[in-house]
Amino acid sequence: MKNFYSLFIVCIGYFLAIGCAGLYVWYSKNDGDLSQLLYADIIATIVIYLFSYYFNNSSIYDPYWSVIPPFILIYFWYYSNNANIIIGSLLMFSVLFWSIRLTYNWIRSWKGLSHEDWRYVDMRKASKNNFQLSNFFGIHFFPTIIVFICCIPMKYALINDSITVHFIAGFVVCFIGVCYEIVSDQQLYKFKKKNREKIINKGLWKYSRHPNYYGEILFWWGLFIYGLLSINYLWLILAPVCMTLMFLFVSIPWIENKIIKTRPEYTEYQKKVSILFPEITFFKKIIS
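The following paragraphs examine the structure supplied in this document. Bear in mind the structure is a predicted one, so any value in this text is a computation, not a measurement.

For the chain, the helix and strand inventory stands at 12 helices and 0 strands. Order of helices (α) and strands (β) in the chain, N terminus to C terminus: α-α-α-α-α-α-α-α-α-α-α-α. Relative to the 2.2 N^0.38 estimate, which gives 19 Å for 288 residues, the radius of gyration of the chain is 20 Å and therefore close to what a compact globule would have. Across the 288 residues in the chain, those meeting the buried criterion constitute 47%. Of the contacts made within the chain by residues no fewer than 6 positions apart, 78% connect residues no fewer than 24 positions apart.

Here it is, written out as structure tokens:
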């Protein structure tokens, strides 16, 4: 019952955030402009931040990562000047398939307003009186900007008049990425129920220490491939590159350092299994 109340509060927060962003888009004049969408995205982020601040729980922001991209796609589609319905539908399927999976995974793992992600707890301790600066810019604003940039390829994908090779490739990469996340998350979920203090090294986790992150990265690279049109568009490769680097040099080291503190045997697992890319582990097993 307590978790239901927490989810209800989160739903109200996101309803207000999306509503405020929508009102801004409705009353501003730069219809279809990227800056208009960015400002709307920031407004929604501020609303969620206020909820996080009021309830003293930054985990309220966590589903923002997966909830907002479908609305960004709706915006692009609405202002795309009669985009091909099949192209729009396939792209929407990819984004919703990813969004629903990730949001559901967060819901089933979140314990309510009484629980905050351990990373945010560590940030509170490290930042002390300056936590709200880290909270807004580090936990809320920075991920919003990264995801916004990574969503821009969807705008270009909708420009296509017909289904092209790169469009199909983008769809396939996104689909494989989400499926990879579904399988790896389910394997981890089942493993934790019976082996809370042990290290998972079976299934997809036998080839990658973070197959769920690998699937996430595949999805964002898939979105980039979706919209790959011309040489003028290649600068957007910085989006999936930055996403990949963020996982490799921020998210993964953070969580692995925590694991090693409680399970020193994790270092042996690190030596045998690739940090992220299963292809590396698979290749090593072949040549060994």
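Tracing the backbone through its elements, the reader meets P69 in helix α3 (residues 64-78). A relative accessible area of 2% places P69 in the buried class. For P69 and V95, which are 26 residues apart along the polypeptide, the C-alpha to C-alpha distance reads 7.2 Å.

A complete count under the given rule lists 1 cavity of 30 Å³ or more for this structure. In this structure, the largest cavity occupies an estimated 30 Å³ of space. Looking at the largest cavity, the residues that line it are D41, Y61, Y64, W65, I68, I72, P143, T144, V147 and F148. Contributing elements (two or more residues each) for the lining of the largest cavity: α3 and α6 (131-151). Looking at the lining of the largest cavity residue by residue, the class counts come to 8 nonpolar, 1 polar and 1 charged.

Moving on: the layout of surface pockets. Here the second largest pocket is characterised by a volume of approximately 460 Å³. If you go around the second largest pocket, you meet 19 residues; those closest to its centre are A21, G22, V25, F71 and Y75. The element best represented in the lining of the second largest pocket is α3, accounting for 7 residues.

Let us now look at the pattern of salt bridges. Evaluated as defined, the whole model comprises 6 salt bridges. Its salt-bridge partner being R124, residue E116 comes within 2.9 Å of it at the nearest N-O pair. For R119, the salt bridge identified is with D117, shortest N-O distance 2.8 Å. One continuous salt-bridge network, built from bridges that share partners, spans R101, E181 and D185.

A separate point is the environment of A40. In this structure, A40 sits in helix α2 (residues 34-54). As for A40 and G19, which are separated by 21 residues in sequence, their C-alpha atoms are 9.9 Å apart. A40 has contacts with A21, Y24 and V25, leaving out every residue within four places of it along the chain.

What follows concerns the side chain of N212. Tracing the sequence through the fold places N212 in helix α9 (residues 211-226). With near-sequence residues (within four places) excluded, N212 lies in contact with E181, S184, D185 and W205.

Now for the packing of helix α8 (residues 165-194) against α9. Running from amino to carboxyl end, α8 crosses α9 at an angle of 165 degrees, the nearest separation of the two axes being 7 Å. One element, α8, and the other, α9, form an angle in the roughly antiparallel class. In this structure, α8 crosses over α9, and the sense of that crossing is left-handed. Here the residues of the contact of α8 with α9 sort into 15 nonpolar, 7 polar and 3 charged.

So, about α9. The end-to-end C-alpha distance of α9, which contains 16 residues, comes to 22 Å, matching closely the 22 Å that a straight helix rising 1.5 Å per residue would cover. Burial analysis of α9 places 14 of its 16 residues in the buried class, which makes it a mostly covered element.

About the thresholds
- Residues numbered from 1 in each chain as written.
- Predicted model: local features only at pLDDT ≥ 70, side-chain atom pairs only at ≥ 80, totals over all residues.
- Heavy atoms only, no water.
- Helix = DSSP H or I, 4+ residues; strand = E, 2+ residues; numbered from the N terminus.
- Rg over C-alpha atoms; globule rule 2.2 N^0.38 Å.
- Buried < 20%, exposed > 50% of the residue type's maximum accessible area, 1.4 Å probe, protein only.
- Contact = heavy atoms within 4.5 Å.
- 1 Å grid on protein atoms, 1.4 Å probe; cavity = no way out; pocket = protein on both sides within 12 Å on 5 of 7 lines; lining within 4 Å.
- Points joined across faces, edges and corners; volume = space filled by probe spheres on them.
- Nonpolar A, V, L, I, M, F, W, Y, C, P; charged D, E, K, R; others polar.
- Salt bridge = Lys/Arg side-chain N within 4 Å of Asp/Glu carboxyl O.
- Axes fitted to C-alpha atoms, helices over the stretch in contact; angles between N-to-C directions.
- Parallel < 35°, antiparallel > 145°, perpendicular 65-115°, else oblique.
- Left-handed = near helix turned anticlockwise from the far one by under 90°.
- Expected span 1.5 Å × (residues − 1).

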